[in-house]
Amino acid sequence: MNTSTEDLTEFRAEVRQWCREHVPADWRRAQTLAGDAEFVAFQQSWFQELRSGGYAVPHWPAEWGGGMSAARQVVLYQELAAHDAPRLVLGFVSIHHAASTLLAAGTAEQRARHLPAILDGEIWVQGFSEPEAGSDLAGLRTTARREGDGFVVDGQKLWASGAAHADWCLLLARTDPAAPKRRGISYFLMDMRSPGLDVRPVRNAAGESHFCEIFLNGVVIPAENLVGPVNQGWQVAQATLSAERGMTMLELAERLGNAGFRWLVEACRGPAPGGGRLVDDPRVQDRLAELETEIAGLRALCLGLVERHEAGTAGPADASVVKLYYSELLQRTMDFAVEVTGLPAHTELRKPASSGWESGAWVLDFIGSWEWTIPGGTSEIQRTIIGERGLGLPREPVVPA
Ligand SMILES: Cc1cc2nc3c(=O)[nH]c(=O)nc-3n(C[C@H](O)[C@H](O)[C@H](O)COP(=O)(O)OP(=O)(O)OC[C@H]3O[C@@H](n4cnc5c(N)ncnc54)[C@H](O)[C@@H]3O)c2cc1C
């Protein structure tokens with residue numbers, strides 16, 4: 001990292017102090033079984049709290065309210081995780097995916113309209129996936145047809161996280177059905193209050209409904225909401241997808257090391273069913289040592305990725321290595337937690353909204369950990385990227401549709 005040690009020490013002390021004063025002490029209890037309205041209100045107020053400290057969008061350019069060096073962001077995420085600050089689950093797509101897309105490919109008007117609005121709490125959803133078009137995203141079938149000053153959209157989106165609370169959507173739609181798959185897609189900013197749009201939540205295995213289906217029936221999008229040229233939305237989408245990696249992974253790795261592993265060790269200090277403490281069992285000690293080593297490895301991988309990203313030397317598969325390793329290590333950690341904590345943990349089925357997987361309700365966290373091997377490219381897709389782009393192995397055979 002290119003910032004001096006002294007500078008970072010001072011900055012760390014500043015963030016630490018801020019966290020002590022501003023992280024809501026009882027947020028997990030207050031958010032347990034919170035309804036939708038309480039969840040949204042809490043997320044919005046925490047975002048504004050972070051904003052007042054200058055910590056809401058550290059990765060944005062300085063002119064838009066960010067400008068923090070990568071080294072400082074590392075410290076920030078370490079301290080937020082260490083103080084068990086709530087995660088910005090509701091604003092995740094807004095501050096990462098939407099902002100990166102607007103900065104990379106948006107017009108000056110689109111940036112001026114939406115970046116300040118995001119800082120004021122505008123919520124975005126990513127409308128990419130469709131039935132039968134997830135890993136094969138280029139196979140999407142939602143259409144946008146030019147009509148006068150706008151485009152008329154028909155189709156369906158699936159697994160859209162947070163769509164029920166969103167103001168705007170990053171939408172991919174097919175504008176040239178005759179063109180090769182990737183060359184006939186355009187990228188739009190869609191107002192979620194548009195007539196013809198219907199959002200239906202989908203309940204997941206943990207009983208939550210954070211992702212949704214979006215049905216689009218003759219929805220009109222003004223032409224000024226097109227991002228990039230018509231039929232070149234695939235290129236724009238790459239800016240959106242790359243925002244899911246990098247610093248966001250660093251934050252998640254820190255959460256795993258703090259909330260996840262630290263709580264697991266505490267649980268293992270508790271009584272074992274046959275007497276004594278779980279942690280007195282050498283098999284438990286071995287497994288904890290293994291997991292701790294793997295978490296240290298994950299942190300090192302993340303820091304390496306950030307450094308290479310800053311230096312412009314990141315390889316084409318580096319982010320995939322981190323995503324794959326994080327999501328599968330998370331599963332292994334939660335799997336062990338469920339195994340070792342036994343029946344009381346299995347019956348705890350209440351978790352705080354705003355917590356993501358790291359709720360301390362181990363069974364729900366175990367179920368939640370499986371989600372991470374799917375979005376942003378499944379583990380199988382990450383392995384293909386690592387094989388082909390990272391290791392230069394032959395490309396996988398393409399099966400004709
Ligand atoms: C928690 C969560 C949040 C999400 N949030 C959003 C969101 O906000 N917006 C959005 O647009 N989407 C979102 N998604 C959708 C996600 O991007 C897709 O689910 C993902 O891309 C996988 O697509 P699929 O579900 O169609 O599975 P499929 O692509 O049908 O894959 C099924 C299985 O086949 C394997 N497979 C497919 N193709 C290959 C291949 N070429 N080689 C090897 N194996 C292959 C996959 O790895 C997988 O195991 C979310 C998903 C989850 C789980």
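Refer to the structure above for everything that follows.
Residues numbered from 1 in each chain as written. Predicted model: local features only at pLDDT ≥ 70, side-chain atom pairs only at ≥ 80, totals over all residues. Heavy atoms only, no water.

Chemist: What am I meant to see in the overall build of the protein chain here?
Modeler: Of the regular secondary structure elements, the protein chain holds 12 helices and eight strands. Here the protein chain has a C-alpha radius of gyration of 22 Å; the compact-globule value for 401 residues is 21 Å, and the two agree. Principal-axis analysis of the C-alpha atoms gives the protein chain an extent of 75 × 50 × 45 Å. Scored against the burial criterion, the 401 residues of the protein chain give a buried share of 49%. The long-range share in the protein chain, meaning contacts at least 24 apart out of those at least 6 apart in sequence, stands at 72%. A total accessible area of about 18,800 Å² is found for the protein chain, and carbon and sulfur atoms account for 54% of it. Charge-centre separation for the protein chain: the mean point of 37 positive side chains lies 3 Å from the mean point of 51 negative side chains. (Helix = DSSP H or I, 4+ residues; strand = E, 2+ residues; numbered from the N terminus. Rg over C-alpha atoms; globule rule 2.2 N^0.38 Å. Buried < 20%, exposed > 50% of the residue type's maximum accessible area, 1.4 Å probe, protein only. Contact = heavy atoms within 4.5 Å. Areas by Shrake-Rupley, 256 points an atom, 1.4 Å probe, with all protein chains shown as cover. Lys, Arg positive; Asp, Glu negative; His and termini not counted. Charge placed at Lys NZ, Arg CZ, Asp CG, Glu CD.)

Chemist: Mind showing me how you'd approach the site of the ligand here?
Modeler: Not every one of the 16 residues close to the ligand is listed here, only the nearest: Gln126, Ser135, Trp159, Thr378 and Glu380. One of the backbone nitrogen or oxygen atoms of Phe128 is found 3.0 Å away from an oxygen atom of the ligand. Elements with a minimum of two residues in the shell around the ligand: strand S3 (150-161) and helix H12 (379-390). Here the residues of the shell around the ligand are counted per class, giving seven nonpolar, six polar and three charged. (Near = heavy atom within 4 Å. Polar contact = N/O pair within 3.5 Å; in protein donor to acceptor, adjacent residues only side chain to side chain. Nonpolar A, V, L, I, M, F, W, Y, C, P; charged D, E, K, R; others polar.)

Chemist: I would appreciate a short explanation of the packing of helix H8 (residues 247-268) against helix H10 (residues 318-346) in the present structure.
Modeler: Helices that pack against each other are described as a pair by the angle of their axes relative to one another and the distance between those axes. One can describe the packing of H8 onto H10 by two numbers: an axis separation of 11 Å at closest approach and a directional angle of 15°. Here H8 is positioned roughly parallel relative to H10, judged by the angle of their axes. The chirality of how H8 crosses H10 is left-handed. For the pair H8 and H10, the contacting residues are Met249, Leu252, Ala253, Leu256, Gly260, Leu264, Ala267 and Cys268 in the first and Val322, Lys323, Tyr326, Leu329, Leu330, Thr333, Met334, Phe336, Ala337, Val340 and Thr341 in the second. Tallied by class, residues from the contact of H8 with H10 come to 15 nonpolar, three polar and one charged. (Axes fitted to C-alpha atoms, helices over the stretch in contact; angles between N-to-C directions. Parallel < 35°, antiparallel > 145°, perpendicular 65-115°, else oblique. Left-handed = near helix turned anticlockwise from the far one by under 90°.)

Chemist: Even after reading the chapter, I still don't get the pairing of strand S7 (residues 211-222), so can you show me in this structure?
Modeler: Looking along a regular strand, one sees side chains alternate from face to face of the sheet. In the sheet, S3 pairs with S7 via 10 bridges, with the strands oriented antiparallel. Residue pairing in the sheet places Val153 in a bridge with Val219 of S7. Note that strand S6 (residues 197-202) and S7 share six bridges and pair antiparallel. The residue of S7 that forms the bridge with Pro201 is Cys212. (Pairing = 2+ DSSP bridges.)

Chemist: It is not clear to me how empty space enclosed by the protein should be interpreted in this structure. Could you clarify?
Modeler: One water molecule sets the probe size; rolling that probe over the atoms shows where empty space is left. Summed over all chains, the structure comprises two cavities of 30 Å³ or more. Its volume calculated, the largest cavity comes out at about 150 Å³. As for the largest cavity, its lining consists of 17 residues, of which Leu50, Tyr77, Leu88, Ile95 and Glu251 are closest to the centre. The set of elements that each furnish at least two residues to the lining of the largest cavity consists of helix H3 (36-53), helix H4 (70-82), helix H5 (92-105) and H8. For the lining of the largest cavity, a count of residues per class yields 13 nonpolar, one polar and three charged. Volume-wise, the second largest cavity comes out at about 80 Å³. Around the second largest cavity sit Gln43, Gln44, Phe47, Leu88, Leu90, Gly91, Ser94, Ile95, Ile118, Gly121, Glu122 and Ile123, which together line it. Where the lining of the second largest cavity is concerned, the elements lending two or more residues are H3 and H5. The element contributing the most residues to the lining of the second largest cavity is H3, with three residues. (1 Å grid on protein atoms, 1.4 Å probe; cavity = no way out; pocket = protein on both sides within 12 Å on 5 of 7 lines; lining within 4 Å. Points joined across faces, edges and corners; volume = space filled by probe spheres on them.)

Chemist: Sorry if this is basic, but what is going on with the pattern of salt bridges here?
Modeler: This model, assessed by the stated rule, comprises 23 salt bridges. Glu79 serves as the salt-bridge partner of Arg12, at 2.9 Å between the closest nitrogen and oxygen. Of this pair, Arg12 sits in helix H1 (residues 5-22) while Glu79 is found in helix H4, placing the two residues 67 residues apart along the sequence. Using a relative accessible area of 3% as the deciding quantity, one classes Glu79 as buried. Among the salt bridges present, the one from Arg28 reaches Asp84, with a minimum N-O distance of 2.8 Å. Of this pair, Arg28 sits in helix H2 (residues 27-31) while Asp84 sits in the loop between H4 and H5, and the two are 56 residues apart along the sequence. Each member of the pair, Arg28 as well as Asp84, carries the same accessibility label: buried. Residues joined in a network through salt bridges with shared partners are Arg12, Arg16 and Glu79. (Salt bridge = Lys/Arg side-chain N within 4 Å of Asp/Glu carboxyl O.)

Chemist: Help me out: how do you make sense of H8 in this one?
Modeler: An α-helix turns once per 3.6 residues; consequently, residues spaced three or four apart project the same way. Here H8 spans 31 Å end to end across 22 residues, near enough to the 32 Å set by a 1.5 Å rise per residue. Leu256 marks the point of greatest bend in H8, at about 30°. (Expected span 1.5 Å × (residues − 1). Bend = angle between axes of the 7 residues up to and from the residue.)

Chemist: Which parts of the structure should I look at to understand the packing of aromatic side chains?
Modeler: Where two aromatic rings form a pair, the distance of their centres and the angle of their planes describe that pair. By the definition in use, this model includes nine aromatic pairs. An angle of 90° between the planes, with centres 5.9 Å apart, marks the rings of Phe128 and Tyr187 as edge-to-face. Here the residue Phe128 occupies a position in the loop between strand S1 (124-127) and strand S2 (143-147), and Tyr187 occupies one in strand S5 (residues 185-191), the gap between them amounting to 59 residues. Here Phe128 falls in the buried class, since its relative accessible area comes to 3%. For Tyr187, a relative accessible area of 0% puts it in the buried group. An aromatic cluster of at least three residues, connected via ring pairs, comprises Trp18, Trp46 and Tyr55. Lying over the aromatic face of Phe215, Arg200 brings its terminal NZ or CZ to 4.1 Å of the ring centre. Stacked on the ring of Phe336, the Lys or Arg Arg287 has its end atom at 5.8 Å from the ring centre. (Phe/Tyr/Trp six-rings, centres within 6.5 Å; stacked < 30°, edge-to-face > 60°. Lys NZ or Arg CZ within 6 Å of the ring centre and 35° of its normal.)

Remember, this is a structural readout, not a statement about activity or role.
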